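# Residue-level structural notes
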Amino acid sequence: MNLKQQQYINGKWVDALSGNTREIINPFNQEVIAAVPEGDESDTRAAIAAAREAFDNGEWSSTPATERGAIVREIAELIERDKEELARLESLDTGKTVEESRGDMDDISGVFRYYAELADKNGGELIDSPVPNSISRVVHEPVGVCGQITPWNYPLLQASWKLAPALATGNTLIMKPSETTPLTTIKVFELMEEAGVPAGVANLVLGAGSTVGAELSSNVDVDLISFTGGIVTGKKIMQAASANVKKLALELGGKNPNIIFADADFDTAVDQALNGVFFHAGQICSAGTRLIVEESIHDEFVNALVERVKKFKLGNGFDEDTQMGPLISAEHRAKVEEYVETGIKEGATLAVGGSRPEEPELQNGFFYLPTIFTNCTTDMSIVQDEAFGPVITVEKFHTEDEAVKLANDSIYGLAGGVWTNDIPKAERCVKNMRMGTVWINDFNLYFPHAPWGGFKQSGIGRELGKPGIEEYTETKHIFQNLKPEPVNWF
Ligand code: NAD
């Protein structure tokens, strides 16, 4: 593997100060694919000091926005140049099919391109001052030193949502990828160095959440934490970040409802209900794992899903005919298994799946069969909790109001979908659905131009779109009196 496999701190590729390393495992066959430094609090503090100095000396933040945009655009071009290498690394690391990873890489270069274009379009505005002979204006300035923490399911995609807007707006940063899947993030730091990101501006620390992540979240020299991951970790970070009232952006979990009305295009809705969940073996924050199906088509719809699911081809993400890869780790599969056992105990009906596959060639990987539960109700924990695996729960509804009520019955509010050919009905539903993204006759579609984030406990703030760059700026009001005179009050 042609990869540095080191941390990147203050413009230098370095091992962990402790000398410790961590083995990175291919979830398809448990082979060790890399040994990377296992940084800890001291590596993190070194990276924070570098980012602090690079911000406080003002060179990066005062670099013309057009120049910063050009560097971010160059990163996009280098990602396109090395797309195949990056896609293969992502699949080795996560087990997802290389075809999915190629799609991810296109999305990632698109994110860098989008924010490169926005870099010099945030010049501020003049305010209509109510004070005679004055100028009142608003400017947007970088927040400062940003800590960025990402999960393992879309390692580089989630990193790109944070890196590109932070760099475009003149912040400095410390990125901590998931300890399970750091390889593509390391590679992109090589590309960022090649693109001309100055030393100290972007730093990479590898290691565990409890050490590196916790230090980033609590260190007083970090001005903003942007986190994508689970709700339990999100709450810990929120608490730690209160130490110096950091700005906070949280992209947390989801339990995303997908409402299927009887008047939907049946075959398309079946197909997209599968796509909405089973990419990357269901390990997607926006997976439409909560199907809510109109009673009159429920049985036919479930039968169609089950027939398709039985034919899924599980396997090595590098094989052309593989449709679904393994789960990320043994621990994660154990969690999915526990979730399925809970579903059975709670009285849901297992329509298909519910176990590991039996094929000998899949035994070394962390595979789990695509699974569908029917007869589910909102009081079941499997309907409320994120499975983060290849599992769908199906509920029935009779009326439009009931469908929306069921969809909203969740602590989460990340995303949801509605399938119907009655557009006024679809519009009524999405107006009342309490989620950050809603799709009508589609599922899981996102692009850099549209904001992404959650209502309720799915998070705070937005990534992507214009809000995704605004997260990385502070707003300053500058008032200038053109004719200062004594007030003579005192
Ligand atoms: P996780 O919360 O276990 O870990 C995410 C990151 O946080 C990792 O880098 C981890 O090392 C770090 N971390 C762990 N403990 C920490 C601590 N105490 N302080 C600071 N950092 C810490 O999540 P995961 O298992 O890697 O990812 C799956 C979760 O991510 C799911 O819940 C999924 O829904 C969510 N997710 C959300 C989105 C979104 O856009 N909303 C996108 C992808 C994933």
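My aim in this report is to walk through the structure given alongside it, one point at a time. By convention here, each chain's residues receive numbers from 1 onward along its written sequence. It should be noted that, the model being predicted, local features are given only for residues of pLDDT at least 70 and side-chain atom pairs only at 80 or more, the latter also being counted only at that level, while totals for whole chains, interfaces and linings use all residues. Heavy atoms throughout the structure, all of them, feed into the side-chain values; hydrogens and water do not.

### Considerations on the packing of aromatic side chains
- Aromatic pairs are defined between Phe, Tyr and Trp rings, using the six-membered ring for Trp, whenever the two ring centres lie within 6.5 Å; interplanar angles under 30 degrees are classed as stacked, those over 60 as edge-to-face, and all others as tilted. Going through the model one piece at a time under the given rule, you end up with 14 aromatic pairs.
- Aromatic pair Trp161 and Trp452: ring centres 6.4 Å apart, planes at 65 degrees, arrangement edge-to-face. In this pair, Trp161 is assigned in helix H5 (residues 155–168) and Trp452 in the loop between strand S19 (437–440) and strand S20 (455–456), connecting sequence segments 291 residues apart. Neither Trp161 nor Trp452 differs from the other in exposure class; each is buried.
- Centroid distance Trp439 to Phe443: 4.7 Å. Interplanar angle 45 degrees. Geometry classified as tilted.
- An aromatic cluster of three or more residues is present, and its members are Trp161, Trp439, Phe443, Tyr446 and Trp452.
- Positioned over the ring face of Tyr154 is Lys96, at 3.6 Å from the centre of the ring. Secondary structure follows DSSP: runs of H or I at least 4 residues long count as helices, runs of E at least 2 residues long count as strands, and numbering of each begins at the N terminus. Type-normalised accessible area, obtained with a 1.4 Å probe on protein chains alone, sets the label of each residue: buried when under 20%, exposed when over 50%, and partly exposed for intermediate values. A ring is considered to have a charge above it if a Lys NZ or an Arg CZ atom is located within 6 Å of its centre and within 35 degrees of its normal.

### Remarks on the layout of surface pockets
- Detection works on a 1 Å grid of protein atoms alone, calling trapped sets that fit a 1.4 Å probe cavities and calling open sets with protein on both sides within 12 Å along at least five of seven lines pockets, with lining residues defined by an atom within 4 Å of a point. Grid points are joined across faces, edges and corners, and a volume is the space filled by probe spheres set on the points. Estimates place the volume of the largest pocket at around 1,600 Å³.
- Taken together, the elements giving at least two residues each to the lining of the largest pocket come down to strand S3 (21–25), helix H7 (209–218), strand S10 (224–228), helix H8 (231–241) and helix H11 (330–345).
- At seven residues, the largest contribution of residues to the lining of the largest pocket is made by H11.
- Segmentation into domains, and thus their bounds, comes from an automatic or database assignment. When residues are assigned to domains, the lining of the largest pocket turns out to be shared by domain 1 (7–252 + 458–477) and domain 2 (257–440), each giving three or more.
- Looking at the second largest pocket, its volume works out to about 480 Å³.
- Elements supplying a minimum of two residues to the lining of the second largest pocket: helix H4 (98–118), H5 and helix H9 (266–278).
- Polar here means any residue outside two lists: the nonpolar Ala, Val, Leu, Ile, Met, Phe, Trp, Tyr, Cys and Pro, and the charged Asp, Glu, Lys and Arg; Gly therefore counts as polar. For the lining of the second largest pocket, a count of residues per class yields ten nonpolar, seven polar and five charged.
- Taken domain by domain, the makeup of the lining of the second largest pocket includes at least three residues from each of domain 1 (7–252 + 458–477) and domain 2 (257–440).

### Looking at the pairing of strand S4 (residues 32–37)
- Strand pairing is assigned whenever DSSP identifies at least 2 bridges connecting the two strands. Where S3 lies against S4, five bridges are found, and the strand directions are antiparallel. Residue pairing for S4: Thr21 is matched across the bridge by Pro37.
- Hairpin connection from S3 to S4: six residues lie between these consecutive antiparallel strands, with Gln30 at a positive phi of about 65 degrees.

### Examining unusual backbone geometry
- The phi angle at Asn133 is positive, at roughly 55 degrees, despite the residue not being glycine.
- Checked against the element boundaries, Asn133 lands in the loop between strand S5 (125–127) and strand S6 (134–142).
- A positive phi angle, near 70 degrees, is found at Asn444, a position not held by glycine.
- Mapped onto the fold, Asn444 is located in the loop between S19 and S20.
- Residue classification places Asn444 among the buried residues on the basis of a relative accessible area of 16%.

### Focus on the site of the ligand
- When at least one non-hydrogen atom of a residue lies within 4 Å of a molecule or strand, that residue is treated as near it. Of all residues adjacent to the ligand, which total 29 residues, the nearest are Thr150, Glu179, Thr233, Leu252 and Glu386.
- The contact in question runs from an oxygen atom of the ligand to an N or O atom on the backbone of Thr150, over 2.7 Å.
- Between an oxygen atom of the ligand and a main-chain N or O atom of Gly209, the distance comes to 3.3 Å.
- Only the protein chains shown count as cover for residues, and all accessible areas are computed by the Shrake-Rupley method using a 1.4 Å probe. Relative to its unbound accessible area of 850 Å², the ligand is 88% covered by the protein chains. Each polar contact in these results corresponds to two N or O atoms within 3.5 Å; when the atoms are within protein, one needs to be able to donate a hydrogen and the other to accept it, and residues that are neighboring in sequence are counted only if both atoms are side-chain atoms.

### Details of the sheet that holds S5
- The three strands lie next to each other as S5-S6-S22, forming an open sheet whose pairing is antiparallel. Only two strands of the sheet have a single neighbouring strand rather than two, namely S5 and strand S22 (473–481). Strand-to-strand twist across the sheet, computed as the mean angle between neighbouring axes with direction ignored, equals 30 degrees.
- Where S5 meets S6, three bridges bridge the pair, whose relative direction is antiparallel. From the neighbouring strand, Leu126 faces S6, where its bridge partner is Arg137. Working convention: axes come from line fits to C-alpha atoms, limited for helices to the stretch in contact. Angles between N-to-C directions cover 0 to 180 degrees.

### Digging into H11
- In this analysis, the expected span of each helix is defined as 1.5 Å times one less than the number of residues it contains. With 16 residues, H11 should reach 22 Å at 1.5 Å per residue; the first-to-last C-alpha distance of 23 Å fits that figure.
- All buried positions along H11 are accounted for by His332, Arg333, Val336, Glu337, Tyr339, Val340 and Gly343. When H11 is viewed along its axis, its buried side chains cluster within an angular range of 155 degrees and face the same direction. Among the exposed residues of H11, those pointing more than 90 degrees away from its buried face are Glu331, Lys335, Glu338 and Lys345. Regarding the arc, it is the one traced by the directions from the helix axis to the C-beta atoms.

### Brief notes about the sheet that holds strand S15 (residues 371–374)
- Reading across the sheet, the seven strands line up as S14-S15-S16-S13-S12-S18-S19 and stay open at both edges, with mixed pairing between neighbours. A single partner strand is all that each edge strand has here, and the edge strands are strand S14 (349–352) and S19. Put simply, the sheet's adjacent strands are angled 20 degrees from each other on average, direction ignored.
- When S14 meets S15, the two strands line up antiparallel, connected through three bridges. In the sheet register, Thr349 faces S15, and the bridge partner there is Thr374.

### Side note on a nonpolar patch on the surface
- Every patch collects residues that have over 30% relative accessible area and no salt bridge, joining them within 9 Å if they carry like charges and within 5 Å if they are nonpolar side chains (Val, Leu, Ile, Met, Phe, Trp, Tyr). Any carboxyl oxygen of Asp or Glu that lies within 4 Å of a side-chain nitrogen of Lys or Arg is treated as forming a salt bridge with it. A cluster of nonpolar residues, Leu126, Ile135 and Leu482, forms a patch on the protein surface that exposes about 280 Å² of accessible area.
- With respect to the element layout, Ile135 can be found in strand S6.

### Details of the side chain of Glu463
- Considering the arrangement of structural elements, one finds Glu463 in the loop between strand S21 (459–460) and helix H15 (465–470).
- Overall, Glu463 belongs to the buried group, its relative accessible area being 4%.
- In terms of polar contacts, Glu463 uses its side chain to reach the side chain of Lys162, at 3.0 Å.
- It only takes one pair of heavy atoms within 4.5 Å for two residues to be counted as in contact. Not counting residues within four places of it along the chain, the set of residues in contact with Glu463 comprises Tyr115, Gln158, Trp161, Lys162, Ser226, Thr228, Glu251, Ala450, Pro451, Trp452 and Gly468.

### Considerations on the environment of Val302
- Along the chain, Val302 turns up in helix H10 (residues 298–310).
- Taking the relative accessible area as the measure of exposure, Val302 reaches 7% and is therefore buried.
- Distance from Val302 to Leu291, taken between C-alpha atoms, is 9.9 Å for residues eleven residues apart in sequence.
- Sequence-distant contacts of Val302, that is, excluding residues within four places in its chain, are made with Thr374 and Val394.

Note that all results are geometric; they support no functional claim without further evidence.
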